[in-house]
Amino acid sequence: VNTREHPLGIPPPSEQDWAKEDEEDFFLLDPDRKRDVPPQPFRMINKLVMQVFESAMEIIERKEMLREAQKRKVQPKKCFPTAEFQVTDRANCLAVSGKYIFVGLSVGLAAFSTSDSKDVCAWDAAKTEICAIHASDLGSECHVLLAVDEMGLAWLFCFHKGSFLLIKILNEVEDVSQRSPCVEVVLSRGGDYAGILLQGNTKAWLEIYQLPKDSWLTEMEKNTGAAEDLACSERRSSCSSVGTFLLQELPVSATQADVELDPPVLLLTVRPPKPITGTRFKGPLDALKEVDDGSMLGLGYNHLIKDSQWELQEAIFCSTYQEYLEAEGVTKEEIPRYATFHFLLPSRVLSGPEMNVQPDIPVGIGVHWDGNHNFCLYLLNHSLKDKAGSDLKPDVVWPCAAPIACSAVSSCSRYLALAGEDATITIWDKHLGYPLSVTAILDERFIRSIHFL
């Protein structure tokens, strides 16, 4: 039984039955129908092949554009070595001073001349491996060297006219078990001061030495004149006895073997700041007296917070963030054991009463310890009374919003760059004492080193 109500009809046309654009294009390109149109499978293959060719041409054009852009860029100049130094042992470090290159070897030191790339002399008396070396030109063909060996000993040398002369081991003690290794050394420009960072079992400290370079130069000139007179007398005796003149020279090391140079003078001993604890003042008047005196201003020690208040605040903090502290673990505050320090030239910030300063000789040092917010400045003209105390107080303190990660001083010593652990770089004008710019690095990256170009 046919139950359909309406008769069968032709369905209306849909979009699938419309003529394709490519078929219309064929009609427009060939209106007279003189060329045969290939059947559908071949047209699909033709379309795919054309798409492949178009994609290939786009890739070729893109590569040609990149090649042209690369050609327009300034190509770096390739530098090839002009000289080669032949080193017998493994080279660990090097320093340049004047016309000499000093290389720290696995056994001792070696000096090379920059003019002819030849070795001048070597020192291997102690048979120790040199891991770090710093050098500075004193003038009159005299150079001062500060080296650190594998055992943490700081060796102070004087190099004069092709010979090494050991002056002193700065951290040498009779009892080896009481020795504190040296982890960092710095020489000031011109060789007036030297600083070494020492680490003990539970503490660290910084020692600043004044180098008597004027007396060294005078002693070296006297020794050189005596050696020349001795050489001339020996030439005369050999010439009269043999009848022929032979040019002979005494070994420099032998002529300088009897030279004794004045040892360096210890100026400062800088220790890391102690953790802030409860107040030691009985009342506000005692704290105001310390502030008026300018003692430790900026370090956070002059406060009126009691030990009970610190303990209450810590208990509130631990109870509030207990779940986070248990997940990460609680770390107790420790005294920092590493410091970065710089020798600073005269400025308005580093100026004291009755100070006779010279523009090219440092008058102070800037120090910051790991994990500390403060950049401390110390003058180098402290009296013996100040040095007799247990802890030297900084003359100027620059507090920062975040712990200081690294620092740098410009070659003119006027500008100071401080990079915090929050990835913020602050440029200070040390001459005037105010910041010039503050730059925040995106993505909160940790800054490990910073340099002036």
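Thresholds applied
- Residues numbered from 1 in each chain as written.
- Predicted model: local features only at pLDDT ≥ 70, side-chain atom pairs only at ≥ 80, totals over all residues.
- Heavy atoms only, no water.
- Patch = residues over 30% accessible without salt bridge, like charges linked within 9 Å, V, L, I, M, F, W, Y side chains within 5 Å.
- Areas by Shrake-Rupley, 256 points an atom, 1.4 Å probe, with all protein chains shown as cover.
- Salt bridge = Lys/Arg side-chain N within 4 Å of Asp/Glu carboxyl O.
- Helix = DSSP H or I, 4+ residues; strand = E, 2+ residues; numbered from the N terminus.
- Buried < 20%, exposed > 50% of the residue type's maximum accessible area, 1.4 Å probe, protein only.
- Contact = heavy atoms within 4.5 Å.
- Core = buried A, V, L, I, M, F, W, Y, C linked by side-chain atoms within 4.5 Å.
- Pairing = 2+ DSSP bridges.
- Axes fitted to C-alpha atoms, helices over the stretch in contact; angles between N-to-C directions.
- Lys, Arg positive; Asp, Glu negative; His and termini not counted.
- Charge placed at Lys NZ, Arg CZ, Asp CG, Glu CD.
- Phe/Tyr/Trp six-rings, centres within 6.5 Å; stacked < 30°, edge-to-face > 60°.

**Q** If you had to explain a nonpolar patch on the surface to someone new, which residues and values would you point to?
**A** Taken together, the side chains of Phe42, Met44, Ile45, Leu48, Val49 and Phe53 make up a nonpolar region of the molecular surface, amounting to roughly 620 Å² of accessible area. Within the fold, Ile45 resides in helix H2 (residues 40-72). For Ile45, a relative accessible area of 47% translates into the label partly exposed.

**Q** Any chance you could break down the environment of Leu380 for me, citing the residues and the numbers?
**A** On the secondary structure map, Leu380 appears in the loop between strand S15 (374-379) and helix H8 (384-388). On the basis of relative accessibility, which here comes to 7%, the residue Leu380 falls in the buried class. Not counting residues within four places of it along the chain, the set of residues in contact with Leu380 comprises Tyr193, Ile208, Leu267, Leu268, Pro362, Val363, Gly364 and Ile365.

**Q** How would you summarise the nonpolar core if you had to cite specific residues and measurements?
**A** One finds Leu146, Leu156, Ile196, Trp216 and Leu261 to be the most contacted residues of the largest nonpolar core, which totals 25 residues. At the level of secondary structure, the elements contributing two or more residues to this core comprise strand S6 (142-149), strand S7 (154-160), strand S8 (164-169), strand S9 (182-187), strand S10 (193-199), strand S11 (204-210) and helix H3 (213-242). Residue contacts for Leu146: discarding those within four places in its chain leaves Ala132, Ile133, His134, Trp155, Leu156, Leu170, Val185, Val186, Leu187, Ala194, Gly195 and Ile196.

**Q** An account of the sheet that holds S7 is needed here, citing residue identities and associated values.
**A** Across the sheet, four strands lie side by side as S5-S6-S7-S8; this open sheet has antiparallel pairing. Among the strands making up the open sheet, the edge pair consists of strand S5 (130-139) and S8. If you compare each strand with its neighbour and ignore which way they point, the axes differ by 25° on average. One ladder, built from seven bridges, connects S6 with S7; its direction is antiparallel. Paired with Ala147 across the strands is Trp155, a residue of S7.

**Q** Talk me through a negative patch on the surface; I want residue IDs and the actual numbers.
**A** A cluster of acidic residues, Glu54, Glu58, Glu61, Glu64 and Glu68, forms a negative patch at the surface. Tracing the chain through its elements places Glu68 in helix H2.

**Q** Break down the pattern of salt bridges for me, with residues and values.
**A** Pairing is possible between side chains that carry opposite charge, provided their charged atoms lie close to one another. Under the criterion given, the structure shown has four salt bridges. Where Arg414 meets Asp429, a salt bridge forms, and the shortest distance between an N and an O atom there is 3.0 Å. Taken as a pair, Arg414 in the loop between strand S17 (404-409) and strand S18 (415-420) and Asp429 in strand S19 (residues 424-429) lie far apart in primary sequence, 15 residues in all. We classify Asp429 as buried; its relative accessible area is 3%.

**Q** Go over the packing of aromatic side chains, please, and point to the residues and values.
**A** For the structure on display, the rule yields twelve aromatic pairs. Aromatic pair Trp123 and Phe157: ring centres 4.8 Å apart, planes at 70°, arrangement edge-to-face. Taken together, the positions of Trp123 in strand S4 (residues 119-123) and Phe157 in strand S7 put the pair 34 residues apart, joining distant regions of the chain.

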